[in-house]
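What follows is the residue order along each chain.
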Amino acid sequence: MPPSSPSLDSFDLAILAILQRDNTTPQRLIGEAVNLSAPAVQRRIKRMEQTGVVAGNVAIIEPAAVGQPITIFVEVELESERTELIDAAKRQFSQTPEVQQCYYVTGEADFILVITVADMGAYEALTRKLFFGSNNVRKFRTFVAMDRVKVGLTVPLPD
């Protein structure tokens, strides 16, 4: 999102709540739910997309249904915290399809990654590429998810 967030009124927040539940909801139905016309809803959604409030519209796929049942969390600690090396790590993690989420964090680790793979052999191959193949990775710690209790990207919205 841009540095200066646009102000959101109660209509915008109500529209966002509906879109977070199901972004295929027709604008006519959203309008009925929030008491606006469909064109007004369309303008508001377009504005929120243009200003970065709505970052994208995607289908959420069940990883196991497409042969990627293992979710792994990885803490990555770099050797050097020089800006260009941090940026290089960000680029590499961002360009790796198995990396579902990447966070640059404070604390002992420099990055937290959420990775989805088919099996542990695929993860081992990925570690060789991302971690062992990098001169800037000091160490990494792996946590394998035993159960997907809650997965989501919805953001709590003010009332």
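An unreviewed UniProt entry annotates the protein chain as Lrp/AsnC family transcriptional regulator originating from Mesorhizobium intechi.

**As for helix 1 (residues 10-21)**
Compared with an ideal rise of 1.5 Å per residue, which puts 12 residues at 16 Å, helix 1 spans 17 Å between its outermost C-alpha atoms and is within 8% of the ideal. Along helix 1, the residues classified as buried are Asp12, Leu13, Ile15, Leu16, Ile18 and Leu19. Along its buried surface, helix 1 packs onto helix 2 (27-34) and helix 3 (38-50). Looking at where helix 1 begins, the residue whose side-chain oxygen comes 3.0 Å from the main-chain nitrogen of phenylalanine 11 is aspartate 9.

**Looking at the packing of helix 1 against helix 3**
Interhelical geometry of helix 1 versus helix 3 gives an angle of 80 degrees and a closest axis separation of 11 Å. Here helix 3 runs roughly perpendicular to helix 1, going by the angle between their axes. Along the contact surface, helix 1 presents Phe11, Asp12, Ile15, Leu16 and Leu19, while helix 3 presents Val41, Arg44, Ile45, Arg47 and Met48. Broken down by class, the residue content of the contact of helix 1 with helix 3 amounts to seven nonpolar, no polar and three charged.

**Digging into the UniProt feature "domain: HTH asnC-type" (unreviewed entry) in the protein chain**
Here, the residues flagged by UniProt with the feature "domain: HTH asnC-type" (unreviewed entry) are residues 8-69. Along residues 8-69 the backbone is 53% helical and 0% strand, and the end-to-end C-alpha distance reaches 38 Å.

**Brief notes about the packing of helix 1 against helix 2**
Their axes nearest at 10 Å, the elements helix 1 and helix 2 cross at an angle of 130 degrees. Viewed along their axes, helix 1 and helix 2 adopt a mutual orientation that is oblique. Like other packed secondary-structure pairs, helix 1 and helix 2 cross with a definite hand, here right-handed. Residues Phe11, Ala14, Ile15, Ile18 and Leu19 of helix 1 touch helix 2, and the partners they reach there are Ile30, Ala33 and Val34.

**Focus: the nonpolar core**
Among soluble globular proteins, nonpolar side chains are generally buried collectively. Counting residues in each nonpolar core, the largest one holds 18 residues, and the members touching the most others are Val74, Val76, Phe93, Phe111, Leu113, Ile115 and Phe131. A per-element tally of this core places strand 1 (residues 70-78) first, with five residues. Excluding its chain neighbours within four sequence positions, the residues that come into contact with valine 74 are Phe111, Ile112, Leu113, Ile115, Tyr123, Phe131, Phe140 and Arg141.

**Digging into the pattern of salt bridges**
Counting across every chain of the model gives 11 salt bridges. Put simply, aspartate 12 and arginine 47 hold a salt bridge, and the shortest N to O gap is 2.8 Å. Taken together, the residues aspartate 12 in helix 1 and arginine 47 in helix 3 connect sequence positions 35 residues apart. Note on arginine 47: relative accessible area 29%, which makes it partly exposed. Linked by salt bridges that have partners in common, Asp9, Asp12, Arg44 and Arg47 make up one network.

**Comments concerning helix 4 (residues 83-94)**
With 12 residues, helix 4 extends 16 Å between its outermost C-alpha atoms, agreeing within 8% with the 16 Å of an ideal straight helix rising 1.5 Å per residue. The complete set of buried residues in helix 4 reads Ile86, Ala89 and Phe93. Across the axial projection of helix 4, the buried residues extend over an arc of 60 degrees, all falling on one side. Facing away from the buried surface of helix 4 by more than 90 degrees, the exposed residues are Thr83 and Ser94. On its buried side, helix 4 packs onto strand 1, strand 2 (99-104), strand 3 (111-117) and helix 5 (120-132).

**Concerning the domain arrangement of the protein chain**
According to the domain assignment, the protein chain consists of domain 1 (10-50) and domain 2 (63-144). Relative placement of domain 1 and domain 2: their C-alpha centres are 36 Å apart.

What counts as what
Along each chain, residues carry numbers from 1 onward, in the same order as the chain's sequence is written. Selection of residues for local features in this predicted model requires a pLDDT of at least 70, selection of side-chain atom pairs for listing and counting requires 80 or more, and totals for whole chains, interfaces and linings are taken over all residues. By convention in this description, side-chain values take in all heavy atoms of the structure and omit both hydrogens and water. Secondary structure follows DSSP: runs of H or I at least 4 residues long count as helices, runs of E at least 2 residues long count as strands, and numbering of each begins at the N terminus. Take the number of residues in a helix, subtract one, and multiply by 1.5 Å to get its expected span. Each residue gets one of three labels from its accessible area relative to the maximum for its type: buried under 20%, exposed over 50%, partly exposed in between, using a 1.4 Å probe on protein chains only. Throughout, a residue-residue contact means that at least one pair of heavy atoms, one from each residue, lies within 4.5 Å. Here a polar contact is taken to be a pair of N or O atoms separated by no more than 3.5 Å, where protein atoms must pair a possible hydrogen donor with a possible acceptor and residues adjacent in sequence count only if both atoms sit in side chains. To define axes, lines are fitted to C-alpha atoms, for helices over the stretch in contact only, and angles between the resulting N-to-C directions are given on a 0 to 180 degree scale. Angles below 35 degrees are treated as roughly parallel, those above 145 as roughly antiparallel, those between 65 and 115 as roughly perpendicular, and all remaining angles as oblique. Nonpolar residues are Ala, Val, Leu, Ile, Met, Phe, Trp, Tyr, Cys and Pro. Charged residues are Asp, Glu, Lys and Arg, and all others, Gly as well, are polar. UniProt positions are given in the numbering used here, feature names are shortened, and annotations may be inferred rather than shown by experiment. Here a crossing is called left-handed whenever its near helix is offset anticlockwise from the far helix by less than a right angle, and right-handed whenever the offset is clockwise. Here, nonpolar core refers to any group of buried Ala, Val, Leu, Ile, Met, Phe, Trp, Tyr and Cys residues whose side-chain atoms link them within 4.5 Å. Each salt bridge in this description consists of a side-chain nitrogen of Lys or Arg and a carboxyl oxygen of Asp or Glu lying within 4 Å of one another. This arc is built from the directions going out from the helix axis to the C-beta atoms. An automatic or database domain assignment supplies the start and end points of every domain.

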